[in-house]
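# Observations on the model geometry
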Amino acid sequence: MTCDLSVKFNYLDFKNPVVAASGTFGFGEEYSRIYDVGILGGICTKGLTLEPKEGNNGIRLWETPMGVLNSIGMENPGIEAFIKNELPKMKKWDTRIIANIGGAAEEEYILASEMLNNADLDMIELNISCPNVREGCMAFGMKEKSAGELVEKIKHTSRHPVIVKLTPNAENIVRVAEACEAAGADGISLINTVKAMAVDIKERKAVFENIYAGLSGPAIKPIALRMVHEVCKAVSIPVIGIGGIMNWKDAMEFIMAGAHLIQIGTANFVNPEAGKKIVSGMKDYMEKEGIKNLDEIRGII
Amino acid sequence: MTCDLSVKFNYLDFKNPVVAASGTFGFGEEYSRIYDVGILGGICTKGLTLEPKEGNNGIRLWETPMGVLNSIGMENPGIEAFIKNELPKMKKWDTRIIANIGGAAEEEYILASEMLNNADLDMIELNISCPNVREGCMAFGMKEKSAGELVEKIKHTSRHPVIVKLTPNAENIVRVAEACEAAGADGISLINTVKAMAVDIKERKAVFENIYAGLSGPAIKPIALRMVHEVCKAVSIPVIGIGGIMNWKDAMEFIMAGAHLIQIGTANFVNPEAGKKIVSGMKDYMEKEGIKNLDEIRGII
Amino acid sequence: MALITDNKKIGNGIYLLEVEGRFKGSPGQFYMIQVAETYPLLSRPISIFELTGNKLKFLYRIAGEGTRLLSEKKGGECIGLRGPYGNGYPSVKGKIAVVGGGMGAAPLYETCKRLKEHPDITAVDLYLGFSEEIILKNEWEKVCSSFFYDIGGMITKHVDVADYDAVLACGPDIMMKKLTETGKKHGKKVYVSIESRMGCGIGACLSCSCKTANGNKKVCKDGPVFLGVEIYDL
Amino acid sequence: MALITDNKKIGNGIYLLEVEGRFKGSPGQFYMIQVAETYPLLSRPISIFELTGNKLKFLYRIAGEGTRLLSEKKGGECIGLRGPYGNGYPSVKGKIAVVGGGMGAAPLYETCKRLKEHPDITAVDLYLGFSEEIILKNEWEKVCSSFFYDIGGMITKHVDVADYDAVLACGPDIMMKKLTETGKKHGKKVYVSIESRMGCGIGACLSCSCKTANGNKKVCKDGPVFLGVEIYDL
Ligand SMILES: Cc1cc2nc3c(=O)[nH]c(=O)nc-3n(C[C@H](O)[C@H](O)[C@H](O)COP(=O)(O)OP(=O)(O)OC[C@H]3O[C@@H](n4cnc5c(N)ncnc54)[C@H](O)[C@@H]3O)c2cc1C
Ligand SMILES: Cc1cc2nc3c(=O)[nH]c(=O)nc-3n(C[C@H](O)[C@H](O)[C@H](O)COP(=O)(O)OP(=O)(O)OC[C@H]3O[C@@H](n4cnc5c(N)ncnc54)[C@H](O)[C@@H]3O)c2cc1C
Ligand SMILES: Cc1cc2nc3c(=O)[nH]c(=O)nc-3n(C[C@H](O)[C@H](O)[C@H](O)COP(=O)(O)O)c2cc1C
Ligand SMILES: Cc1cc2nc3c(=O)[nH]c(=O)nc-3n(C[C@H](O)[C@H](O)[C@H](O)COP(=O)(O)O)c2cc1C
Ligand code: FES
Ligand code: FES
């Protein structure tokens, strides 16, 4: 049997549903030395801001039971350097490119999205969900009002399709998703990391300089799955499921919960070939189960 | 050096901060065959409702990466049977008894707390955070308004100190905590389980009949710790830290984050002697570090 | 903690684990096996397969992550063991049919062994149904009066329930239900051992609660053995 | 996956792990060791201790859960290995001081070995500071021109930085900072190998980012070896 892994995400075709998650895959270059990243459905860039950012001080990563806390704080070269130095390299691969953008203020998001208008990209992922910067970003994603207003503005300025990346820390993630849809978003991706904390009892202080950090990995998968299921039931734009996906089985769980695409983050650290393995694992599974197209099982729950 | 593990929780003395969490310790009887449960600071009963409840159908427990999903659905013998059959047995142990009560409607909570007025208890833990019943319970804990109103009423009817058990699924857990404090709560306990989900890809359906269930265990510890820290900074009534505490180190993290007492839930399954071990582990640590009283390090972060 | 003295593969994904120490237990009871100190979190309920002197044996099948990790353990390593838990099979008299399906065979070895030694028992006929291959072929015969097995079929077809004083069963629901129904028709007691996902294993968490004709019961404490009619005749 | 051929305790909480296979790497580079398939999640960065023919050795200390689980692995078992990663020590000339503190000794064995064989090197003086006990006492002497060690003191006191063409160091920050300062005074290059918590290990996640005189650098890819003045002279 020939199975078709391709996914229609609004008007955009993805060759398969496996996308590398922002911040865990750099700009793809490092992983391209390990496998042909062109086999992925897409790659989300590291979170980009208008100006270059140095990121947070102190410890940036901490392992928790089956999870990872990070406090990178959006270190990135800035949009201009991205367009000049990184994007041309990414264009060599036969995969969708999604620019993840964040900011401290509305104006920054707007300028960033304008600067990206002439860049050869497939989508913009509006990151309103990073818990690791003191100002903005996740603040926009906490409530439906601020989220909807920002999305509306970006939809006006951007010529690229805009997906909005939601935070599990939102007051009501379903209502934020609905507001984004109403504001014209072309898709929703969720979840970004869960605001969490670690304590170093030896030092008697918080591990992270910002005290709080973002939790990712298998630990949060059951929470992510629930939120993806809830959001898929509530909106009719396509959804990208993210959170703790380590293998093709986890990926299928998110598809069955209603996701069109899935993103893999922490899994890239655990096994740099995770993306490749998930693509082939999904294919084998579909063949064995006689699933011709993921539409057959998407949202079956 | 003699260390004092005792904790003053409002006007109530606890011999140590280690309390068994509701729903994971039954009414203590089973564990009392394994160790002297009288060495614990306290025991929270299984969640009690006005009338007996049969609980949910189907699978009730599912393991996730370093976590446990449960959908017990408040199976319990009802308040009357508790007072008649369970409480007298519990009174034999030299430990604080906390009755955890839940309900589908305000009226049920009020009647339940009235019925407990003549019972020989130390505290009531108002469970407004169970994600596993279709009606009520967690619904009260989602917003500050509903939480505050309920607490105010219970404070009028109950002659026992009332602590309120919060849900991590609340829109804004800090504001719910503040509302409970304003309504007269004697303390706050958090977190109850995180609303989450599991999928059985073989069956192509949700594992739980209710689809969603509650996540507990080490996986949620970083989230619990963050919320406990946030709430401790916001209220001046004492706080009980709960969520993924497996050993004395975890317990100390919650104390340093500001908790007066801690509760252990899932840990009781992993090692039925967890409570005992945590008490002795905390004691050894204090001796080694020269900490005379937990006040010295409580909320140090 | 218990010392593993052996953990060998005896079939397709099926292992026989032996640990050393002074253990207690009666047929149909189980132990909670903690595979590793930290991960996976919960212990796995596994029935007593055989209990002799200072050796305790478990027969298990790789069903998921926990049993897979267990199968990787070698002699000389340790595992966590708590138990025995549960009620086990009740004492019966006369001519007994013991019926197992798949891994349901696991608790029946010690069960047959004890029955065979018992003065009140006149015969112990063992019926085992397997889906792919028979395991421990030469062992079963030693502990019963007569041994019948079947691969790929329906073992219940071969059990003449009316001919026995009691039936002790463990296996798929469909098998135990069938036996229960036939038993009821002929006025014979059928005891079934059922499975449930467990948290505490000792009766405190209600994870394993099951609805019975006599209200909710806990598989870990009130079971795993119940009268078939309590479970299937609702 | 790599086969463990040996994993022995050689000191208080200190182990020497040997794996078999065809490995690459140069002194100062590291491998990411995945202790078990599922838990713990992340791999641990561990330096190359020795690389010969088809054997790769690691010297490590139990620092937490991951290294504790690693220490329980036996010969015959497998671990995940990825690498070599990082830059390693640069090529140097003349008379070299190699200075290690605590587990900072780990990458210095292969470092000394290669230096000693190199035609451009006139002398390799190895200085190791330990806090409790010296490990592998008889091994170090074989790979250097002169070996000095100290237990419980400050090893930097014994290194006359001015006397060397370059210093290669690995150990506590305070030690490497001191060497860097002295080196700067005497116009000598001091190379330090630094530690950082890592996610990907290959330069993609910025977990290991460190501020240097030349902007942010990634310890896993641009390091772990840096010029001391890049790190400590900010
Ligand atoms: C009283 C009792 C006795 C048993 N005796 C045996 C025996 O002797 N030999 C044997 O091979 N199996 C036995 N089982 C089944 C065995 O417990 C499961 O196969 C095992 O728990 C699966 O664990 P896993 O980690 O491999 O699977 P996973 O699917 O990874 O386990 C995930 C979780 O589900 C639970 N779980 C999964 N399947 C079952 C199941 N069928 N029953 C109960 N819990 C389950 C696990 O305990 C764990 O908590 C018994 C079960 C019970 C209740
Ligand atoms: C480039 C490099 C080379 C190293 N070489 C060696 C060596 O040869 N021998 C040796 O004994 N140690 C070495 N270390 C330190 C070693 O990586 C840590 O001791 C180890 O990761 C601790 O893991 P754990 O699980 O035991 O501790 P835990 O505290 O349980 O680890 C939790 C998390 O923190 C990380 N972590 C903890 N301590 C450190 C640390 N000091 N550096 C980096 N990450 C840490 C772990 O990798 C893990 O992700 C090296 C570190 C780096 C960065
Ligand atoms: C180290 C690290 C850096 C991250 N950086 C970003 C980022 O820049 N922008 C963003 O939207 N998400 C970022 N994320 C979140 C991930 O894209 C993803 O949403 C999250 O990790 C959950 O998925 P996972 O459990 O598969 O890792 C980061 C995650 C990690 C672990
Ligand atoms: C099986 C099970 C049953 C529970 N039942 C209740 C309950 O009846 N009432 C309640 O307030 N919390 C209940 N909880 C939540 C726990 O008391 C605790 O808040 C939660 O499990 C987090 O702590 P832990 O990670 O230590 O388990 C239950 C948890 C589990 C795992
Ligand atoms: S497993 Fe907890 S009551 Fe049975
Ligand atoms: S560990 Fe990921 S960039 Fe260095």
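Residues numbered from 1 in each chain as written. Chains lettered and ligands numbered in written order. Predicted model: local features only at pLDDT ≥ 70, side-chain atom pairs only at ≥ 80, totals over all residues. Heavy atoms only, no water.

Bringing the site of ligand 2 into the picture now. The environment of ligand 2 is made up of 22 residues, and the closest members are Arg44, Pro45, Gly66, Thr67 and Glu195 of chain D. Neighbouring residues of ligand 2 are not confined to one chain but are distributed across chains A and D. At 2.9 Å, a backbone N or O of Arg61 of chain D approaches an oxygen atom of ligand 2. Gly66 of chain D places a polar main-chain atom, nitrogen or oxygen, 2.7 Å from an oxygen atom of ligand 2. Look at ligand 2: alone it shows 830 Å² of surface, and the protein chains cover 87% of it. At the level of elements, β4 (44–47), β6 (55–61) and α1 (65–71) of chain D are the ones that each hand at least two residues to the shell around ligand 2. (Near = heavy atom within 4 Å. Polar contact = N/O pair within 3.5 Å; in protein donor to acceptor, adjacent residues only side chain to side chain. Areas by Shrake-Rupley, 256 points an atom, 1.4 Å probe, with all protein chains shown as cover. Helix = DSSP H or I, 4+ residues; strand = E, 2+ residues; numbered from the N terminus.)

Moving on, we get to the site of ligand 1. Lining the immediate environment of ligand 1, one finds 22 residues, of which Arg44, Pro45, Gly66, Thr67 and Glu195 of chain C sit closest. With respect to ligand 1, the chains having nearby residues are chains B and C. In the environment of ligand 1, an oxygen atom lies 2.7 Å from a nitrogen or oxygen atom belonging to the side chain of Arg44 of chain C. The side chain of Thr67 of chain C places a nitrogen or oxygen atom 2.4 Å from an oxygen atom of ligand 1. In isolation ligand 1 has 820 Å² of accessible area, and contact with the protein removes 87% of it.

This part covers helix α8 (residues 248–256) of chain A. Burial analysis of α8 of chain A places 7 of its 9 residues in the buried class, which makes it a mostly covered element. Inspection of α8 of chain A places Asp250, Ala251, Met252, Glu253, Phe254, Ile255 and Met256 of chain A among the buried residues, and these make up the whole buried set. Against α7 (221–234), β15 (239–242), β16 (261–264) and α10 (274–289) of chain A together with β12 (199–200) of chain B lie the buried residues of α8 of chain A. The N-cap residue of α8 of chain A is Asn247 of chain A: its side-chain oxygen and the backbone nitrogen of Lys249 of chain A are 3.1 Å apart. Gly258 of chain A occupies a position one or two residues after α8 of chain A and carries a positive phi of about 125°. (Buried < 20%, exposed > 50% of the residue type's maximum accessible area, 1.4 Å probe, protein only. Contact = heavy atoms within 4.5 Å.)

With that out of the way, let us pick up the confidence of the model for chain C. Here chain C averages 94 in pLDDT, and 100% of its residues register 70 or above. Model confidence for the complex is summarised by a pTM of 0.97, with the ipTM given as 0.97. (pLDDT = per-residue confidence, 0-100.)

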